[in-house]
Amino acid sequence: MDGGRALEALGDPTRRAIFESLVAAPKPVRELADLLPVSRPAVSQHLKVLKEAGLVADQPEGTRRVYRVQPAAIAAMREYLDRMWDHALAAFAAAVEQDAEADTEQDATQPPKPVEGPKS
C-alpha cells in the first residue's frame, strides 16, 4: 500500500467527502450519491479511483455493492506522513544547529565589547 498514492487520491474534494462518509459507516453507491451534489455514475468513478488507491473495498450485498474504508490504507497514510514529518523535523534540527554554529563562529571572531562601568 502506497500512502502517497492514497493521499493523492484524496486530493479531490468529492473523493475526500466520499471517503470521510465511508469512515463513518459503509454505504452503497446510491446512499453516497444522495449525500453529494454529483450523479451516481460520478460517485462510481470516484469510488473506482479510491479502490485503485487501496482506500476502499466493496462487497456485494444482494443487488448492490457496499463500500467501506480499508484500515490498511489509513495505516499506510499515517506511516507516509510520519516519515515525511520525521524528515522535516530532522531537516529543521539540522538547520537550527547550523545557525547556532554560525552564530558561535561569528561571536568568536568579533572582539569582546567593553564593559561599561556605573554611570555617575
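One structure accompanies this document, and this report is about it.

What counts as what
- Residues numbered from 1 in each chain as written.
- Predicted model: local features only at pLDDT ≥ 70, side-chain atom pairs only at ≥ 80, totals over all residues.
- Heavy atoms only, no water.
- Helix = DSSP H or I, 4+ residues; strand = E, 2+ residues; numbered from the N terminus.
- Buried < 20%, exposed > 50% of the residue type's maximum accessible area, 1.4 Å probe, protein only.
- Contact = heavy atoms within 4.5 Å.
- Core = buried A, V, L, I, M, F, W, Y, C linked by side-chain atoms within 4.5 Å.
- Pairing = 2+ DSSP bridges.
- Expected span 1.5 Å × (residues − 1).
- Arc of directions from axis to C-beta.
- Polar contact = N/O pair within 3.5 Å; in protein donor to acceptor, adjacent residues only side chain to side chain.
- Axes fitted to C-alpha atoms, helices over the stretch in contact; angles between N-to-C directions.
- Parallel < 35°, antiparallel > 145°, perpendicular 65-115°, else oblique.
- Nonpolar A, V, L, I, M, F, W, Y, C, P; charged D, E, K, R; others polar.

### Overview of the overall build of the chain
Line of reasoning, step 1. From N to C terminus, the chain includes 5 helices and 3 strands.
Line of reasoning, step 2. Listing each helix as α and each strand as β along the chain from the N terminus yields α-α-β-α-α-β-β-α.
Line of reasoning, step 3. Out of the 120 residues in the chain, the part that is buried amounts to 25%.
Line of reasoning, step 4. Sequence separation of 24 or more characterises 53% of the internal contacts of the chain that already satisfy a separation of 6 or more.

### Structural notes on the nonpolar core
Line of reasoning, step 1. With 20 residues, the main nonpolar core has I18, L22, V43, L47, L50 and L55 as its most contacted residues.
Line of reasoning, step 2. Of all the secondary structure elements, the ones that give two or more residues to this core are α1 (3-9), α2 (13-24), α3 (29-35), α4 (40-52), β3 (64-69) and α5 (71-109).
Line of reasoning, step 3. Look past the residues within four positions of L55 in its chain and what remains in contact with it is A6, A9, L10, F19, L50, R68, V69, Q70, A73 and M77.

### A word on the sheet that holds β3
Line of reasoning, step 1. Sheet architecture is open: 3 strands sit in the order β1-β3-β2, paired in antiparallel fashion. The open sheet terminates on both sides in strands that have one partner only, identified here as β1 (27-28) and β2 (56-61).
Line of reasoning, step 2. Looking at chain direction, β2 and β3 are connected through 6 bridges and run antiparallel. Within β3, the position partnered with P60 by the bridge is R65.

### Digging into the pairing of β3
Note on strand geometry: in a regular strand, side chains alternate between the two faces of the sheet.
Line of reasoning, step 1. Where β1 lies against β3, 2 bridges are found, and the strand directions are antiparallel. Bridge pairing in β3 places P28 opposite V66.
Line of reasoning, step 2. Here β2 hands over to β3 after 2 residues, with G62 in that stretch at a positive phi of 70 degrees.

### Quick notes on α2
An α-helical segment advances 3.6 residues per turn. Residues three or four places apart therefore align on the same side.
Line of reasoning, step 1. With 12 residues, α2 should cover 16 Å at 1.5 Å per step; its first-to-last C-alpha distance of 17 Å lies within 8% of that length.
Line of reasoning, step 2. Residues of α2 that are buried include every one of R15, I18, F19, S21 and L22, and no others. Viewed end-on, α2 has its buried residues packed into an arc of 160 degrees, placing them on one side of the element. Exposed residues on α2 whose side chains face more than 90 degrees from its buried face are P13, E20 and A24.
Line of reasoning, step 3. If you check the start of α2, you find a side-chain oxygen 2.9 Å away from the backbone N of T14, and it comes from D12.

### What about the side chain of S21?
Line of reasoning, step 1. One can find S21 in helix α2.
Line of reasoning, step 2. Apart from residues lying up to four places away in sequence, S21 is in contact with K27, L32 and L35.

### Observations regarding the packing of α2 against α4
Line of reasoning, step 1. Interaxial distance between α2 and α4 falls to 10 Å at its minimum, and their mutual angle equals 75 degrees. The angle between α2 and α4 falls in the class roughly perpendicular. Mapping the contact onto sequence places T14, R15, I18, F19 and L22 in α2 and V43, H46, L47, V49 and L50 in α4.
Line of reasoning, step 2. Among the residues forming the contact of α2 with α4, the class breakdown is 7 nonpolar, 2 polar and 1 charged.

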